Amino acid sequence: MNQPQAKEAPPAVSAPPDRDHHLLPMPAPHRYKDYLGDSVYADFDGYHIVLTTENGFGPTNTIALEPEVLAALNRFSERIKNMHTPDPDLEQPP
């Protein structure tokens, strides 16, 4: 009688190296999804802040912000805020 030969296991496939191995994926990223307004939602996938626009039928546009890009957006926001914030040392009109 011929015994069936055991099949060899397929070769292991290694995952690509993480760019930022210290950032671990977070469990259940969908639980972070939040409505920002104007049909814009924010989510977190463990590395990116993911912005989507949705029209009730699913995402229509998606932008994944890496931490460096999010930091640049925050700096831009602060710069705009500072441009339009009255200087408390200046006299304000009555």
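Scoring rules and cut-offs
Residues numbered from 1 in each chain as written. Predicted model: local features only at pLDDT ≥ 70, side-chain atom pairs only at ≥ 80, totals over all residues. Heavy atoms only, no water. Helix = DSSP H or I, 4+ residues; strand = E, 2+ residues; numbered from the N terminus. Buried < 20%, exposed > 50% of the residue type's maximum accessible area, 1.4 Å probe, protein only. Contact = heavy atoms within 4.5 Å. Areas by Shrake-Rupley, 256 points an atom, 1.4 Å probe, with all protein chains shown as cover. Pairing = 2+ DSSP bridges. Axes fitted to C-alpha atoms, helices over the stretch in contact; angles between N-to-C directions. Polar contact = N/O pair within 3.5 Å; in protein donor to acceptor, adjacent residues only side chain to side chain. Phe/Tyr/Trp six-rings, centres within 6.5 Å; stacked < 30°, edge-to-face > 60°. Lys NZ or Arg CZ within 6 Å of the ring centre and 35° of its normal.

Asker: Explain the overall build of the chain to me, and be specific about the residues and the numbers.
Answerer: Across its full length, the chain holds 1 helix and 4 strands. When its helices and strands are written in sequence order, the chain yields β-β-β-β-α. Looking at the 94 residues of the chain, the share that counts as buried comes to 9%. Put simply, of all contacts in the chain between residues at least 6 apart along the chain, 7% involve residues at least 24 apart. A total accessible area of about 8,600 Å² is found for the chain, and carbon and sulfur atoms account for 59% of it.

Asker: Go over the sheet that holds strand β3 (residues 49-54), please, and point to the residues and values.
Answerer: Judged by pairing direction, the sheet is antiparallel, and its 4 strands sit side by side in the order β1-β2-β3-β4 without closing on themselves. The open sheet is flanked by β1 (34-37) and β4 (59-65), the only strands paired with a single partner. Neighbouring strand axes in the sheet, compared pairwise and without regard to direction, differ in orientation by 25° on average. Summarising the sheet, β1 and strand β2 (residues 40-44) pair through 3 bridges and their orientation is antiparallel. Along β2, the bridge assignment pairs Gly37 with Val40.

Asker: Tell me about the side chain of Glu54, and please be specific about residues and values.
Answerer: For Glu54, the position within the fold is in strand β3. Here the side chain of Glu54 touches Thr52 through a polar contact of 3.1 Å, side chain to side chain. The residues touching Glu54, leaving out its near neighbours within four places in the chain, are Lys33, Ser39, Tyr41, Pro59 and Thr60.

Asker: Please provide a residue-by-residue account of the packing of aromatic side chains, values included.
Answerer: Applying the stated criterion across every chain yields a total of 2 aromatic pairs. Between Tyr32 and Phe44, the aromatic rings sit 5.7 Å apart at their centres with planes inclined by 90°, giving edge-to-face as the arrangement. Here Tyr32, found in the segment before β1, pairs with Phe44, found in strand β2; they are 12 residues apart in sequence, far enough to count as distant. On the basis of relative accessibility, which here comes to 23%, the residue Phe44 falls in the partly exposed class. Looking at Lys33, its charged tip hangs above the ring of Tyr41, at a distance of 5.2 Å from the centre.

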